[in-house]
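The residues making up each chain are set out below.
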Amino acid sequence: ADVIDARTMPLNMGKWIMLRRIVCLAVVAAIIVGPAFAQPQQLIFKKVDYYWVVGEDEKDEDARLVLDPANKTMGFYDEKNGAAKRTFAVIPYDKITSITYEKSSHSRIVAGLLLSPLAFFMKGKKHWLTIQAPGAPGLSAGYVYVRMDKGNFQRILAAVEAQTGVKIERLEEQ
């Protein structure tokens, strides 16, 4: 087998090996140092209904939940256009005193009437999140009450607990 000796190899091959070493070193440096300069990304969850009370009426709006680790805030904004259209609430993580998750059941009367009588025997589930933040600016009631979609509530719960550091109390209807 032929062994290549650095003293006898052609000049172009030596440059090629040196170039490969420099590229490998640059890639390793980017992998190691890159995350130190990366900004934490916002987590955005759509299909959240934001509820509030006006007089004796309860109103709801389609909203998105935005967890911002850089500013340490939880925000509720218009679902389609975000903060550009409407901001419902922005809560600093350090103002949150408790978070409660509740799963409730409801009858499927409309589905039973329109689709199949079998739907009368099936129960739908709704997923609710209450965030208590009495000292949060602009939050007159001291809390936020939202309904989460069945397709993303588990991801929302995990992200909210991880980002805020507040343990979520879970109340589930049997």
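Residues numbered from 1 in each chain as written. Predicted model: local features only at pLDDT ≥ 70, side-chain atom pairs only at ≥ 80, totals over all residues. Heavy atoms only, no water.

A. Just the environment of Ile96, in detail. Residue placement: Ile96 occurs in the loop between β4 (82-92) and β5 (98-107). Sequence separation between Ile96 and Ala133 is 37 residues, and the spatial gap between their C-alpha atoms is 4.4 Å. For Ile96, the residues in contact, after removing those within four places along its chain, are Met74, Ile91, Ile131, Gln132, Ala133, Thr164 and Val166. (Helix = DSSP H or I, 4+ residues; strand = E, 2+ residues; numbered from the N terminus. Contact = heavy atoms within 4.5 Å.)

B. Representation of the pairing of strand β7 (residues 143-148). Here β7 shows one buried face, formed by Val144, Val146 and Met148, and one open face, formed by Tyr143, Tyr145 and Arg147. Of the strand pairs in this sheet, strand β1 (residues 43-54) and β7 are connected by four bridges, and their pairing is antiparallel. By the bridge assignment for β7, Tyr50 is matched with Val146. (Buried < 20%, exposed > 50% of the residue type's maximum accessible area, 1.4 Å probe, protein only. Pairing = 2+ DSSP bridges.)

C. A look at helix α3 (residues 153-164). Relative to the 16 Å expected for twelve residues at 1.5 Å per residue, α3 spans 16 Å between its end C-alpha atoms, a close match to the ideal helical length. For α3, the set of buried residues is Phe153, Ile156, Leu157, Ala159, Val160 and Thr164. Following α3 by one or two positions, Gly165 has its phi on the positive side, about 80°. (Expected span 1.5 Å × (residues − 1).)

D. Representation of the pattern of salt bridges within the structure. Per the counting criterion, the structure on display carries two salt bridges. Ionic pairing is found between Asp49 and Arg147, a salt bridge with its closest N-O pair at 2.6 Å. Taken together, the residues span a long stretch of sequence, with Asp49 in strand β1 and Arg147 in strand β7 at a distance of 98 residues. Residue Asp49 is classed as buried on the basis of its relative accessible area of 11%. For Arg147, a relative accessible area of 23% translates into the label partly exposed. (Salt bridge = Lys/Arg side-chain N within 4 Å of Asp/Glu carboxyl O.)

E. Fine view of the environment of Trp128. Counting through the fold element by element, Trp128 comes out in strand β6 (residues 123-132). We classify Trp128 as buried; its relative accessible area is 12%. Beyond its immediate chain neighbours, meaning those up to four positions away, Trp128 contacts Tyr51, Thr100, Tyr101, Glu102, Ser104, Tyr145, Val146, Arg147 and Met148.

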